[in-house]
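Here are the chains, one letter per residue:
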Amino acid sequence: PGLEKGEVGLKNVCNIYTREAGPGSLSLAVEGPGKADMSVEERPNGFLGFMYKVPKPGMYGLHIKFDDEHIPGSPYMVNVAPDSGKARQVTVHSLKDRNLSVDKPNTFTVNFNGATGKLHASVRTPSGGHEDCFIQEMDTGMYGVRCIPKENGVHYVDVKLNDAHIPDSPFALMVGSCAADPAMVSASGEALEHAKCGVKNKFVVHTAGAGSGLL
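Everything numeric here is computed off the predicted structure, so don't read it as measured data.

*Asks:* Talk me through the state of the cysteines; I want residue IDs and the actual numbers.
*Replies:* This model, assessed by the stated rule, comprises zero disulfides. Looking at C147, it has no disulfide partner, and the nearest cysteine sulfur is the one in C133, 4.7 Å off.

Take a look at the structure:
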């Protein structure tokens, strides 16, 4: 997870597999708004545990090199969030993350577990939309959250307390089938109606909600 997101003041951890890389030296660096405190430990089965802790939020670059050459994907750009504080106490229950249908409500509960603050939940859709979830207090420190997906594909639900993500947020939800649905693909553009020789003729293919597959 330390290659995808991080948090100020915590040890953000990732694993590096080196067993089959052959002889060579590994070098690690973290660049960003604040100076990183880094450490490495050996783990079983050829893995190394890389841990870093930073004092300021923002975008950081994790540079991982083997024999002075970047490994695939390096440098990794990681958004380090502010200290989540009491948001770490909050838990989510009864969240259904697959076999969901368009226009069918998906409801789950959020338990504060003694934390205090303002709860906010929103959904990021496959087509790039952003919608707020409906939140209702069920009991002291217990809230019901409901969202209604409007399209097929992977949605991400952000659940925050006082603008800080709770553990495991954002949550990925699969709406519809994982299989490709060609009926959801469409195309538009001038080049589909008329074109000219010797020049680039362009049109746009829309695949949002079509599932995974090759075009």
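Read on, since the account is not over.
*Asks:* Go over the sheet that holds strand β10 (residues 106-111) with me, naming the residues and quoting the values.
*Replies:* The four strands lie next to each other as β9-β10-β14-β13, forming an open sheet whose pairing is antiparallel. Of all the strands in the sheet, the pair left with one neighbour each is β9 (91-93) and β13 (134-139). The sheet shows a mean angle of 30° between the axes of neighbouring strands, taken without regard to direction.

*Asks:* An account of a nonpolar patch on the surface is needed here, citing residue identities and associated values.
*Replies:* Side chains of V185, L192, F203, V205 and L215 sit close together on the surface and give an oily, nonpolar patch of about 480 Å² of accessible area. Examined against the element boundaries, F203 turns out to sit in the loop between β18 (186-188) and β19 (204-206). Among the residues examined, F203 registers a relative accessible area of 44% and is labelled partly exposed.

*Asks:* Tell me about the pattern of salt bridges, and name the residues and values.
*Replies:* Here the idea is simple: oppositely charged side chains can pair when their charged atoms come close. One pass over the full model with this rule turns up six salt bridges. Here R88 and E7 are joined by a salt bridge, their closest N and O atoms 3.0 Å apart. Of the two residues, R88 sits in the loop between β8 (76-81) and β9 while E7 sits in strand β1 (residues 5-7), which places them 81 residues apart along the sequence. Given a relative accessible area of 39%, R88 falls into the partly exposed group.

*Asks:* Help me get a handle on the nonpolar core, residues and values and all.
*Replies:* In terms of nonpolar packing, the biggest core is built from 22 residues, with V110 and V159 touching the most fellow members. Breaking this core down by element, the ones donating at least two residues are β10, β11 (119-124), β14 (142-147), β15 (153-161) and β17 (171-175). Setting aside residues no more than four positions away along its own chain, V159 makes contact with F108, V110, L119, H120, A121, A164, H165, I166, S169 and F171. Among the nonpolar cores identified, the runner-up in size contains 14 residues, and V8, I16, V54 and V80 belong to it.

*Asks:* Tell me about the environment of Y76, and please be specific about residues and values.
*Replies:* Position of Y76 relative to the elements: it lies in strand β8. Along the backbone, Y76 and L3 are 73 residues apart, and their C-alpha atoms lie at a distance of 6.4 Å. What Y76 contacts, discounting residues up to four positions off in sequence, is L3, Y60, G61, L62, I64 and I71.

About the criteria used
- Residues numbered from 1 in each chain as written.
- Predicted model: local features only at pLDDT ≥ 70, side-chain atom pairs only at ≥ 80, totals over all residues.
- Heavy atoms only, no water.
- Disulfide = S-S within 2.5 Å.
- Pairing = 2+ DSSP bridges.
- Helix = DSSP H or I, 4+ residues; strand = E, 2+ residues; numbered from the N terminus.
- Axes fitted to C-alpha atoms, helices over the stretch in contact; angles between N-to-C directions.
- Patch = residues over 30% accessible without salt bridge, like charges linked within 9 Å, V, L, I, M, F, W, Y side chains within 5 Å.
- Areas by Shrake-Rupley, 256 points an atom, 1.4 Å probe, with all protein chains shown as cover.
- Salt bridge = Lys/Arg side-chain N within 4 Å of Asp/Glu carboxyl O.
- Buried < 20%, exposed > 50% of the residue type's maximum accessible area, 1.4 Å probe, protein only.
- Core = buried A, V, L, I, M, F, W, Y, C linked by side-chain atoms within 4.5 Å.
- Contact = heavy atoms within 4.5 Å.

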